[in-house]
Amino acid sequence: MSSDLLLEIWTDGACKFNPGPGGWGVYMVYGRHTRELCGGALQTTNNQMELTAVIEALGAIKRPCPVRLHLDSSYVKDGITKWIHGWKKRGWKTAGGDPVKNEELWRRLDQLVSDYTSKAPIEWCWVKGHAGNFGNEKADELANLGVEKARAEQG
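Residues numbered from 1 in each chain as written. Predicted model: local features only at pLDDT ≥ 70, side-chain atom pairs only at ≥ 80, totals over all residues. Heavy atoms only, no water.

Caption draft 1: Broad picture of unusual backbone geometry. Here the residue pair Asn-18 and Pro-19 is connected by a cis peptide bond, since its omega of 5° sits within 30 degrees of zero. Considering the arrangement of structural elements, one finds Pro-19 in the loop between β1 (7-15) and β2 (20-30). A positive phi is found at Asn-18, a non-glycine position, where the angle reads about 25°. We note that Asn-102 has phi near 65°; this positive angle belongs to a residue other than glycine. Structurally, Asn-102 is set in the loop between α2 (74-89) and α3 (103-117). (Helix = DSSP H or I, 4+ residues; strand = E, 2+ residues; numbered from the N terminus.)

Take a look at the structure:
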């Protein structure tokens, strides 16, 4: 298997009642190999699950290679590619001076991205959700499965 092969990743988060039970899903394609990941939490938000999906995806990569990461969350894409630089300069405050929501998750994602991109590039691609994109639909299905897993673990 060539080490310069592109790893395609689709991530998604889901939340029922926002906040409420939520799930995250990851669909990975590397050549002809695929991998599916999901999980969830009983008390969370959609944005927390969107962030967690990307964190789990990057954490699951075994060897650095170029990544194209597809996500339907403008919040996560804009946060990691644009807003985070200002947040860090302002001591994790928004432009309006408020604390950044989900700071702990943003810090984890920032560290993962920094560590990963020192070895291989990540291309961030926004995709329209629920628009027939196979990878996005698969990640959405996995995120909803994550909700059900979280509910089942509750008993």
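Structure's up, so let's keep going.
Caption draft 2: Looking closely at the environment of Asn-133. Along the polypeptide, Asn-133 turns up in the loop between β5 (122-126) and α4 (134-154). Residue classification places Asn-133 among the partly exposed positions, given a relative accessible area of 27%. Separated by 123 residues in the primary sequence, Asn-133 and Trp-10 place their C-alpha atoms 9.9 Å from one another. Once residues lying within four places of it in the same chain are set aside, the contact partners of Asn-133 are Trp-10 and Val-127. Among the polar contacts made by the side chain of Asn-133, one reaches the main-chain amide nitrogen of Asn-136 at a distance of 2.9 Å. (Buried < 20%, exposed > 50% of the residue type's maximum accessible area, 1.4 Å probe, protein only. Contact = heavy atoms within 4.5 Å. Polar contact = N/O pair within 3.5 Å; in protein donor to acceptor, adjacent residues only side chain to side chain.)

Caption draft 3: How the structure looks around the environment of Leu-69. Of note, Leu-69 is situated in strand β4 (residues 67-71). The class of Leu-69 is buried, set by a relative accessible area of 0%. Linking Leu-69 and Met-28, residues 41 residues apart in sequence, is a C-alpha distance of 9.2 Å. With residues up to four places along the chain from it excluded, the contact list for Leu-69 reads Ile-9, Thr-11, Val-54, Leu-58, Ile-122, Glu-123, Trp-124 and Cys-125.

Caption draft 4: Layout of the sheet that holds β4. With mixed pairing, five strands are arranged side by side in an open sheet as β3-β2-β1-β4-β5. Edge strands, defined here as strands with exactly one partner in the open sheet, are β3 (33-44) and β5. Each neighbouring strand pair of the sheet contributes to a mean axis angle of 20°, computed without reference to strand direction. In this sheet, β5 lies alongside β4 in parallel orientation, the contact comprising five bridges. Following the sheet pairing, Leu-71 is matched in β5 by Trp-126. On top of the sheet, α2 reaches β4 and β5; it is set at about 145° to β5, its chief contact. (Pairing = 2+ DSSP bridges. Axes fitted to C-alpha atoms, helices over the stretch in contact; angles between N-to-C directions.)

Nothing here speaks to function; it is geometry throughout.
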